[in-house]
Amino acid sequence: MCGIVGYVGLKNSIPILVEGLKRLEYRGYDSAGIATITKSGIQVYKKAGKVSELEKYIKSNEISSPLGIGHTRWATHGEPTDVNAHPHYDCTETISVIHNGIIENYQTLKKKLEESGHIFKTDTDTETIPHLIEEMLKHTNDIFTAVRLALNEVEGTYGIAVISKKEPDKIIAARKGSPIVIGIGENENFVASDPAALIQYTRQVIYLSDGEVSCITKDNVITRTIYDEEIKKHIEEITFDLEHIEKGGFDHFMLKEIHEQPETLRNAIRGRILMEEGTAKLGGLSEVTDLIMNARRFIITACGTSWHAGLVGKYMLEQYAKVPVDVEYASEFRYREPVLYQDDVVFLISQSGETADTLAALRKAKSSGATPLGIVNVVGSTIARESKAGVYIHAGPEIGVASTKAFTSQLAVLSLITLMIARKKGIMSLSEGRQVVRELYKLPDKVQSILNDTTQIKFISDIFHTHKNFLYLGRGYNFPVALEGALKLKEISYIHAEGYPAAEMKHGPIALIDNEMPVVVIATKDSTYEKILSNIQEVKARKGRIIAIVNEDDHTIEKMSEYVIRIPHTLDFLMPILSIIPLQLLAYYIAVKRGCDVDQPRNLAKSVTVE
Ligand code: G6P
């Protein structure tokens, strides 16, 4: 999610690092920093805000050095402040580290390190790494070995670059779950989290695999595994261009983000599940657990896609946690005169954490004495800061205006909150809890299986892209999915689309159905399945053109529908995480076919900071 760049050679590294960071800003841009080595030791420059802020700061403190590392941050642990920006130091400021990823066992490591005298200065998980390396340097003089040994203690994901003032000609880089690429030049070498940062200098690269550590000097790269086995790496040639790299090889950010969902779902649940206990543990809510457990009711308030996630949340929480839940558009909530109680818990769901109406709703809840809790993507955003507590969804920067990966991560977090409450209240048994946990773990692979074959969705898009209206129908957990599917189509293809609870169709929208009208029905096998079969018949009787989202083993609906799109099974309350995927893709391919600007649709904005 963040960006890493490093240089070792004969030139001044600073302009190369700053330029590289600018190229990586699309990955995260809430703070940035560089570390370099001069005669007086390691020099670190870091600033909250965009890379341009860092650039200004460096210019006023001119330095030059032929080796350095730089980082642009998208915060996960600790707000985006100057202090929390990377690089981070050990106690003696001998080592400096930049890191992408999440160290899952950082609390345990930090406690151990503090007990042996290490002093931490930041709220980040990353800071455990330089201190761990410092500890290992008590047993070896070699930074390459010390990094390797330290990584053996670390659980979670990392792409890191490390420098030491005692070995000022080396950058150590390592990877597990977060990409690292090494650029090979003449009398100079580079390291980066993706080729965008180094493509203007070299196209010769080495890609590290998980569990590999490299020692990079200006004319050599040595790679070993973290278990000290020697590895011969091949140099590969980059053949693609910069724009292609930023979008990860996809034509649009939206498509890239749709395809990131297996990974973003893993990030949303990572470190938050207790397998044995069949429950969830949400660090961000630990201080408010009693308030949550004793709440008279929950209010979920949000806008747009986040509101749709909230509606799914209502269904989940009422079914399993047995708490009454109201779901409110933030723009209505802020200007109504809602009756609020001190023992109400108000969840604010927001990808950006900056949406003006959601923020106003938060302030209203707060001033009424209720407890505002954030479910937010952007760390350190206003909603995150002003909430009493909250959970980050860790979906990474979402650049496409139409929200996709944030939605599924919001649902994953809502399901974790539901699981936690239901288990604590004893409404859900241990074996049911374990079953939920098992299903949560399987979701990323199931999403991947939908993404692996999009032929049918593309085919349907080709047929329907010229239509002017669409109807989306769903019941139960799939009703909010119908709303979200319709919203996706509207947002990026400018086709009028309406989402409806399937049974409500006969109170109005049924009048629209003729032999031209595409009707997307989300009809997976859940407790409302038999009911939705009747709704499909009602559409069919009026010659509507049915596109049905069904489970893999469903052979009933295909006989009633013109087209079916098959998705895997899961528990009813987790189904929206799967059933939305084909609808995101359908909207995407239809919009592309119509020649629309998918990533920046007309009239819309990613973060709506006005009323
Ligand atoms: C805008 C975006 C939507 C988003 C909504 C709420 O309308 O285009 O994609 O769902 O704002 O944004 P938030 O950042 O609060 O989730």
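The preceding data block contains the structure.
Residues numbered from 1 in each chain as written. Predicted model: local features only at pLDDT ≥ 70, side-chain atom pairs only at ≥ 80, totals over all residues. Heavy atoms only, no water.

A few points about the sheet that holds strand 24 (residues 496-501)
Then, number 1: Strand order in this open sheet of five strands is 24-23-25-26-27, and the pairing throughout is parallel. The sheet is open, and its two borders are formed by strand 24 and strand 27 (563-567), each paired with just one other strand. Sheet twist, expressed as the mean angle between neighbouring strand axes with direction ignored, is 20°.
Then, number 2: Relative to strand 25 (residues 518-522), strand 23 (residues 469-474) is paired through three bridges, and the arrangement is parallel. (Pairing = 2+ DSSP bridges. Helix = DSSP H or I, 4+ residues; strand = E, 2+ residues; numbered from the N terminus. Axes fitted to C-alpha atoms, helices over the stretch in contact; angles between N-to-C directions.)

Some words on the packing of aromatic side chains
Then, number 1: Taken as a whole, this structure holds 12 aromatic pairs when the rule is applied.
Then, number 2: Ring pairs connect the aromatic residues Phe459, Phe464, Phe470, Tyr472 and Tyr563, which therefore count as one cluster.
Then, number 3: The ring of Tyr57 carries Lys47 above its face, with NZ or CZ at 4.8 Å from the centroid.
Then, number 4: A cation sits over an aromatic face here: Arg296 above Tyr341, 3.8 Å from the ring centre. (Phe/Tyr/Trp six-rings, centres within 6.5 Å; stacked < 30°, edge-to-face > 60°. Lys NZ or Arg CZ within 6 Å of the ring centre and 35° of its normal.)

Some words on the packing of helix 4 (residues 128-136) against helix 5 (residues 143-151)
Then, number 1: Two numbers describe how helix 4 lies on helix 5: the axes approach to 8 Å, and their chain directions differ by 120°. In terms of orientation, helix 4 lies oblique with respect to helix 5. Read as a crossing pair, helix 4 and helix 5 show a hand that is right-handed. Together, Leu132, Ile133 and Met136 of helix 4 and Ile143, Ala146, Val147, Leu149 and Ala150 of helix 5 make up the contact between the two elements. (Parallel < 35°, antiparallel > 145°, perpendicular 65-115°, else oblique. Left-handed = near helix turned anticlockwise from the far one by under 90°. Contact = heavy atoms within 4.5 Å.)

Some words on the pairing of strand 24
Then, number 1: Note: strand 23 against strand 24, six bridges, orientation parallel. Opposite Leu471, over in strand 24, you have Glu498 as the bridge partner.
Then, number 2: Between strand 23 and its parallel partner strand 24, the chain crosses via helix 17 (residues 478-493), and the hand of that crossover is right-handed. (Right-handed = clockwise from strand over helix to strand, strands pointing away.)

Some points on the site of the ligand
Then, number 1: Near the ligand you find 14 residues, and of these Ser306, Ser350, Gln351, Ser352 and Thr355 are the closest.
Then, number 2: Within the contact set of the ligand, an oxygen atom lies 3.0 Å away from a backbone nitrogen or oxygen of Thr305.
Then, number 3: Ser350 is positioned with one of its side-chain polar atoms (N or O) 2.6 Å from an oxygen atom of the ligand.
Then, number 4: In isolation the ligand offers 390 Å² of accessible surface; the protein chains occlude 91% of this area.
Then, number 5: It is helix 10 (residues 304-321) that contributes the most residues to the shell around the ligand, three residues altogether. (Near = heavy atom within 4 Å. Polar contact = N/O pair within 3.5 Å; in protein donor to acceptor, adjacent residues only side chain to side chain. Areas by Shrake-Rupley, 256 points an atom, 1.4 Å probe, with all protein chains shown as cover.)

Looking at unusual backbone geometry
Then, number 1: The peptide bond linking His86 to Pro87 adopts the cis configuration, its omega dihedral lying at 0°.
Then, number 2: Within the secondary structure, Pro87 is located in the loop between strand 4 (67-73) and strand 5 (88-89).
Then, number 3: Backbone geometry at Asp228 places phi at a positive 75°, although glycine is not the residue there.
Then, number 4: You can see Asp228 is positioned in the loop between strand 13 (220-225) and strand 14 (230-231).
Then, number 5: Exposure remark for Asp228: the relative accessible area of 37% places this residue in the partly exposed category.
Then, number 6: One non-glycine residue, Lys543, lies in the positive phi region at around 70°.
Then, number 7: Along the polypeptide, Lys543 turns up in the loop between helix 18 (529-541) and strand 26 (545-551). (Buried < 20%, exposed > 50% of the residue type's maximum accessible area, 1.4 Å probe, protein only.)

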